[in-house]
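Observations on the model geometry
Spelled out, the chains give:
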Amino acid sequence: MPAAPTPIRTLISPGRYAQGRGAIERLGELVAPIGSTPLVVADDTVWSFVGDAVTRSFAAADLPLTRDGFGVYATAAAVDGIAGRIRETGADVVVGVGGGSTIDAVKAAGHLAGIRWVSVPTVASTDAPCSALSVIYDDDGGFEEYRFFPRNPDLVLVDTQLVANAPVRFLVAGVGDALATWIEARAVARTDATTMAGGLPTATGTALARLSWDILWEHALPAVAAVRDHVVTPSVEKVVEANTLLSGLGFESGGLAAAHAIHNGLTAAPQTHGLTHGQKVNIGSVTQLVLEGAPVQEIRDFVEFTTRVGLPNTLTEVGLSVDDVDDLTRVAEAATAEGETIHAMPFTVRVPDLVDALRSIEGFSRQVRADAGLPEPVAHRAH
């Protein structure tokens, strides 16, 4: 048998991260050093509010502009379609403008076509933009696979005014995705499991995950209030950075564990369709804390805080119930499939344990919310 490779600690990151109000006006200037023939991918809704600024910034940088539309999910077919267009247009850099699905499809297509890629998220709803991986879904939005690439985007550019203009539920979803980063990274640090970066976690990756957590506990509530009014405040700037850059570096180089695996399992339940990534991840975070036997006060604080932020922490809020044992078993089977990140936990998570942990969060979270005078859960109806 060949000897196992020498273990290394590693951190990976985008070539440049740029953030600020009006940053989209500088996109052309920052893309120009990366490539001279860009292909921009953005759906019609996104293009209706960024098209003019992108057109101006490309003209100022003497860059030609070719823009293609995008569907709903980052499916294998969508990726192949963009890769085909890259070859047709002779593009040497592909720029994904929009949400996580657009950005993931663009990264995967850029890799397939052998060119460089740029992420321009118009919402701070996931930590996808900075990473060297894409999540591929089926046509119905069910999780299919992770695809890993040898490098991160050359540029990630976030215009915080665009983020503030978007519906507040996107920022809330990003907070849900980012809060999991520390919960998962600390579990991986205990086991020294391999991260998405292809090595053991660095102290830096783990510390960035912790910094993301600290910023969110301090600034998420004022940032959510500001974005409801579509204004950019220092809290909004900090939360956008936590959701996008810190959580992006933290999940990738700090490690994923149970929370994201439970998210992937939840996509197998049709009842959860229509929910954002971050909403489902938050159910994973609460459930991971239960699985770990975390201090009860810590779980209570997390349930209270995420309720105030507007995130789900009960089965009811993701369209499921304690009685849906067959559905929850399917969720648990998908979450514990071979290769899932739940196997980075410091202990073995078996299907019955996960089903019971998922069922337990309903009564626990309802009680915490009642004790704190917070609203009762509202049922989610899949659409």
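Rules of the game
Residues numbered from 1 in each chain as written. Predicted model: local features only at pLDDT ≥ 70, side-chain atom pairs only at ≥ 80, totals over all residues. Heavy atoms only, no water. UniProt positions renumbered as here; feature names shortened; annotations may be inferred. Helix = DSSP H or I, 4+ residues; strand = E, 2+ residues; numbered from the N terminus. Expected span 1.5 Å × (residues − 1). Buried < 20%, exposed > 50% of the residue type's maximum accessible area, 1.4 Å probe, protein only. Pairing = 2+ DSSP bridges. Core = buried A, V, L, I, M, F, W, Y, C linked by side-chain atoms within 4.5 Å. Domains from an automatic or database assignment. Contact = heavy atoms within 4.5 Å.

The chain is annotated in an unreviewed UniProt entry as Glycerol dehydrogenase from Cellulomonas triticagri. The record in UniProt for the chain states the following under Sequence similarities (unreviewed entry): "Belongs to the iron-containing alcohol dehydrogenase family." One UniProt comment on the chain, placed under Catalytic activity (unreviewed entry), says "glycerol + NAD(+) = dihydroxyacetone + NADH + H(+)".

**Section: the UniProt feature "domain: Alcohol dehydrogenase iron-type/glycerol dehydrogenase GldA" (unreviewed entry) in the chain**
UniProt annotation of "domain: Alcohol dehydrogenase iron-type/glycerol dehydrogenase GldA" (unreviewed entry) refers to residues 14-160 when read in the numbering used here. Split by type, residues 14-160 is 35% helix and 27% strand. Its first and last C-alpha atoms lie 18 Å apart.

**What to know about helix H10 (residues 277-292)**
Here H10 contains 16 residues, and its C-alpha end-to-end distance of 22 Å stays within 8% of the 22 Å for a straight helix at 1.5 Å per residue. Of all 16 residues making up H10, 13 are buried, and the element is well covered by its neighbours. Gly293 lies just past H10 and shows a positive phi near 65°.

**Quick notes on the pairing of strand S7 (residues 143-148)**
Inspection of the sheet shows strand S6 (residues 133-137) paired to S7 by five bridges, in the antiparallel sense. If you follow Ser134 over to S7, its bridge partner there is Arg147. Linking two consecutive strands that pair antiparallel, namely S6 and S7, is a turn of five residues; a positive phi of about 90° is found at Gly141 within it.

**So, the nonpolar core**
One finds Leu171, Val175, Leu179, Val309 and Leu354 to be the most contacted residues of the largest nonpolar core, which totals 70 residues. Each of domain 1 (16-165) and domain 2 (168-371) contributes no fewer than three residues to this core. Apart from the residues lying within four places of it in its own chain, the contact partners of Leu354 are Ile262, Thr287, Leu291, Ala332, Ala335, Thr336, Ile342 and Val349. Counting residues in hydrophobic clusters, the runner-up holds 24 residues, among them Ala18, Val120, Leu155 and Leu157.

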